[in-house]
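# Chains, contacts and geometry: an overview
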Amino acid sequence: MQRYDQATWSETDGDRYEPLLAEKNEQQVDVAEQTSLPDEVTRESVSLPELSEPEIARHYTRLSQMNYGIENGVFPLGSCTMKYNPKFTEDVAALADAAVHRDRSAESTQGTLEIYGRLQDYLGRIGGMDAVTLQPPAGAAGEFTGILVAKAYHEHNDEGNRNEVIVPSSAHGTNFASAALAGYDVVELPPSDDGRIDLDALEEAVGDETAALMLTNPNTLGLFERDIEEIAEIVHDAGGLLYYDGANLNALLGQARPGDMGFDIMHFNLHKTFATPHGGGGPGAGPIGVTEDLAGFLPSPQVRADDDEYELYEPEHSIGKVHGAMGNWLVLLKAYAYIERLGDDGLADTSTKAVLNANYLGSKIDLDIPFGPFHHEFVASAGDRDAADFAKRMLDYGVHPPTTKWPDIVSEALMTEPTETESRKTLDQLAAALNAVAEEDETTLSTAPSSTSARRIDQTSAARSPRLSWHALE
Amino acid sequence: MTQQTQMTQNSQNASSERRSEGNPFTPHTEADVEAMLDAIGAESVEELFDIPPSVQFEGSFGIESASEQTVVQDISATLAQNEQLTEFLGRGQYDHYVPSLVDNLSLRSEFLTSYTQYQPEIAQGFLQALFEYQSMLVELTGLGVANCSMYDAATALGEAALLADRVRETSGSQVLVSDLVREERLSVLENYLAGADMTVETYPTVNGATDAATLAEHVTDETVMVYVENPTAIGSIQEELSAAGDVADEHDAAFCLGSDPVALALLEEPAAVGADIVVGDASVLGLSPAYGMGLGLFACREDYLRQVPGRLVGVSEDASDNRAYTLTLQTREQHIRRERATSNICTNQAWVALRTAIHIAWLGATGLVDLAAECVELSRDLAADLDEIDGVTAPVYDRHHFREFLAETRQDAEQVAADLESAGFAVHAVDDHRIQVCITDANRPERDEFVAAVEEVVA
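Residues numbered from 1 in each chain as written. Chains lettered and ligands numbered in written order. Predicted model: local features only at pLDDT ≥ 70, side-chain atom pairs only at ≥ 80, totals over all residues. Heavy atoms only, no water.

Going by the annotation in an unreviewed UniProt entry, the name recorded for chain B is Aminomethyl-transferring glycine dehydrogenase subunit GcvPA, with Natronoarchaeum mannanilyticum given as the source organism.

Named according to an unreviewed UniProt entry, chain A is glycine dehydrogenase (aminomethyl-transferring) originating from Natronoarchaeum mannanilyticum. Taken from UniProt, the Catalytic activity (unreviewed entry) comment for chain A reads in full: "N(6)-[(R)-lipoyl]-L-lysyl-[glycine-cleavage complex H protein] + glycine + H(+) = N(6)-[(R)-S(8)-aminomethyldihydrolipoyl]-L-lysyl-[glycine-cleavage complex H protein] + CO2". (UniProt positions renumbered as here; feature names shortened; annotations may be inferred.)

## Thoughts on the overall build of chain A
Helix and strand content of chain A: 15 helices and 14 strands. The globule rule puts the C-alpha radius of gyration for 474 residues at 23 Å, and the 25 Å found for chain A is close to it. Taken over the C-alpha atoms alone, chain A extends approximately 70 × 70 × 45 Å along its principal axes. Partitioning the intrachain contacts of chain A with sequence separation of at least 6 by distance along the chain shows that 68% fall at a separation of at least 24. If you sum the accessible surface of chain A, you get close to 14,800 Å²; carbon and sulfur atoms cover 39% of it. Placing the 34 positive and 80 negative side-chain charges of chain A at their respective mean positions leaves the two points 9 Å apart. (Helix = DSSP H or I, 4+ residues; strand = E, 2+ residues; numbered from the N terminus. Rg over C-alpha atoms; globule rule 2.2 N^0.38 Å. Contact = heavy atoms within 4.5 Å. Areas by Shrake-Rupley, 256 points an atom, 1.4 Å probe, with all protein chains shown as cover. Lys, Arg positive; Asp, Glu negative; His and termini not counted. Charge placed at Lys NZ, Arg CZ, Asp CG, Glu CD.)

## Some points on the UniProt feature "domain: Aminotransferase class V" (unreviewed entry) in chain A
According to UniProt, the feature "domain: Aminotransferase class V" (unreviewed entry) maps to residues 148–279 of chain A in the numbering used here. End C-alpha atoms of residues 148–279 of chain A are separated by 28 Å, and the span's content is 33% helix alongside 19% strand.

## Some details on helix H8 (residues 228–237) of chain A
Residues and elements named next belong to chain A. Those residues of H8 that fall on the buried side of the exposure criterion are Ile 228, Ile 231, Ala 232, Ile 234 and Val 235. All buried residues of H8 fall inside an arc of 165° around its axis, so they share one side. Those residues of H8 that are exposed and angled more than 90 degrees off the buried face are Glu 233 and Asp 237. Packed against the buried residues of H8 are helix H7 (199–205), strand S6 (210–216), strand S7 (241–245) and helix H9 (258–261). (Buried < 20%, exposed > 50% of the residue type's maximum accessible area, 1.4 Å probe, protein only. Arc of directions from axis to C-beta.)

## Here we look at the packing of aromatic side chains
Summed over all chains, the structure comprises 19 aromatic pairs over all chains. With 5.7 Å between their ring centres and 70° between their planes, A:Trp329 and B:Tyr291 make a pair best called edge-to-face. Residue A:Trp329 is located in helix H11 (residues 329–364), and its partner B:Tyr291 is located in the loop between strand S7 (277–281) and strand S8 (296–300); the two belong to separate chains. The ring of A:Tyr313 has A:Arg304 lying over it, and the distance from NZ or CZ to the ring centre is 3.9 Å. Over the ring of B:Trp351 we find A:Lys334; its NZ or CZ atom is 5.3 Å from the centre of that ring. (Phe/Tyr/Trp six-rings, centres within 6.5 Å; stacked < 30°, edge-to-face > 60°. Lys NZ or Arg CZ within 6 Å of the ring centre and 35° of its normal.)

## Considerations on the pattern of salt bridges
Per the counting criterion, the structure on display carries 42 salt bridges over all chains. Salt-bridge contacts for B:Asp50 lead to A:Arg226; the nearest nitrogen and oxygen are separated by 2.9 Å. Taken together, the residues B:Asp50 in the loop between helix H2 (30–40) and helix H3 (68–79) and A:Arg226 in the loop between S6 and H8 connect one chain to another. Given a relative accessible area of 16%, B:Asp50 falls into the buried group. In this structure A:Arg226 comes out as partly exposed when scored by relative accessible area, which is 35%. Between A:Arg456 and A:Asp389 there is a salt bridge, and its shortest N-O distance comes to 3.1 Å. Here A:Arg456, found in the loop between helix H14 (442–447) and helix H15 (459–464), pairs with A:Asp389, found in helix H12 (residues 387–395); they are 67 residues apart in sequence, far enough to count as distant. Each of A:Asp194, A:Arg196, A:Arg226 and B:Asp50 takes part in one network of salt bridges that share partners. (Salt bridge = Lys/Arg side-chain N within 4 Å of Asp/Glu carboxyl O.)

Dropping the structure here:
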């Protein structure tokens, strides 16, 4: 059995933790002495750590060694799609010509705009959408943008009274939050017995007040919504729009397109499907695609090619801006490089292998998987075990555990998504870890992990008496 | 055929064979696929897809795959079409030298390829780095809480207004911002507020800065938040911050200050002037101008804690009683509270925050204050030199400036900007006869040539 012993660093007597920079050397600088500005507009002093470069290099190197990334091992977090990130995309992002200021003229940044425009075009083809904006800086920002576009569309058609967005109960939490942020009442849709959309319940839920239905397909249980065409018809007949949450697009890449299924708006998670690293939780990027009817409402500016020149323009009924600039450009650039590298065949191979891997892993584990057939991810149940404890023990086997306790349709859920970049051998190790933990006693689980840089962390007291900066430790 | 040509052809054949199999990042051999299908009990991979035939995609995207080398060369050549201009541009995005250490450390794969720290026991490194980032911002703002990364300054401003609306006790739905705030930020703010039925109004500035008496004429009991930038989008340093804060207080409006980590090292401490919230773009340290990609800075008073948007890292102990870090107060967040969450932000700018923290650590207290002082001196000296040119007045407003300032030109400003672009320099045209000029350590080497070019252009 594989084991993963994470580095722990000790510079102080007896303590296992890496001390804070501030504990190494905090320096107070008297600001007034350093500037010709009058005292009235300046602060008195600043206290920050002050260390030599080698000390800083060691500090952050050690921190990196107390951190788990995809190159340390598998990250089978369901719905998060954490796959291997190709290295060469970093070289592309580091090109000096990529680092232009956002206020440069279109004439002087034709190279940047060409890639921007080409990526818009590629994503449109991949999603089956007529127009794409790259401005939203994350998936949830894409959801928010998409719902704002839907809102502007309805208002434009004198249907501004539509004030509800329908969201299946198993959907990502961001769907609910983004719809609420855009000012909508959220109507929760319970699932059918087979984990999919209940058409009767949907018929019941839609009406004159429906602005949109937000749907993930395959859904968070990994199940394809086979009735998607009927779903689209029901929503459209009621005058609503169908929104595609792209979080699970990795499972469909090159196999089916949201636009062909009847979706009107979709977002792409470039940091998931298109393998751009999102270290520590970001940055990502969340472009949205829309049908022709909605293109005029997209954020401003958009990029288009006019003869041989690329130019910026404002769509006719634009909602304005959702990011201070043009979105997370470096992430866009990396995703573009990834798409160019793979092409049609590689993109289709991605979903093929992602689905193969999930099904293979599912076949190798002894846990109950209540719903199927699944695509790129499945939700297993830890049974009478606490899924959170189950996950902690998996850390001792050198693997990152699945997403736990969600969606709550499955009790003690372990939502597992291996992705296409894991080898058969890695999947065997992951299955062995899941199976081994399932056999262990509860005490072992509840006291795990033991081989990591920190043992089980008390998250309750962290929330009860928050200490959020080094000043709170003084 | 020479041996070399033969080898090249062979390697091309070999790579095209690999490509035709699809994907260089999927590690499966044919034998693996067979064995895996056997284990599943399926005949083919196609059988695993549960997609109705009517929506199956049979077409092509028309995207050709290419070798890694070709992709890098193509992108490199495409980006090289950008004109090589020395940028004297600012207005919220600034170019400071990013030390080599930042790339070297942040590109370590354990950082770059990690994920949100849902399992803190194997993510202590990133959590500690984010905790240190939060701590640095707490020090710079003097406020009790800093979250660990939002998208950019504009979206952080939107979140600030929503926070103000949640914490303010009396009713009212208007946000008041200075007329110097750039329109992109205003537009983002309006989009954030539309869903909450809130509106944005601007108040006039006097001689390029907030005048407390003028502000007082515009604040009402409907005002939820007063937003002031220091320095402003035109680089002017505010002199009536405390007075502006008092005006906000009198009307029970939250006082929100826009700034950045470099300016915060030198200018009045937000907490000392009564700021309740600070927003801004922190990527000014850690990231080169990446076409506006940013890192939203967000700090606020401690008593707003339970209403703060975004991720927070806190300290706790592990089972061995050692200090340990964890994401905390997650009940505010969308994955738990859904439509009642304080924000919809999920994926954020954590890796940029790591870079910013490393950059601040590299500078240290002395280096950061020096850099800030340099921003004052460089812009003052450049303005003085431009002012000596016949047909140019700089700065337009007789105040202290930080990094940038307005200059008035006798000629049409758009034309001046266009002519400067032909001469190799990018500046921002503000209106008919005013351009905006920004100088930092990054474009300092070209400042004399820039002055000469301006002289030539306006002659």
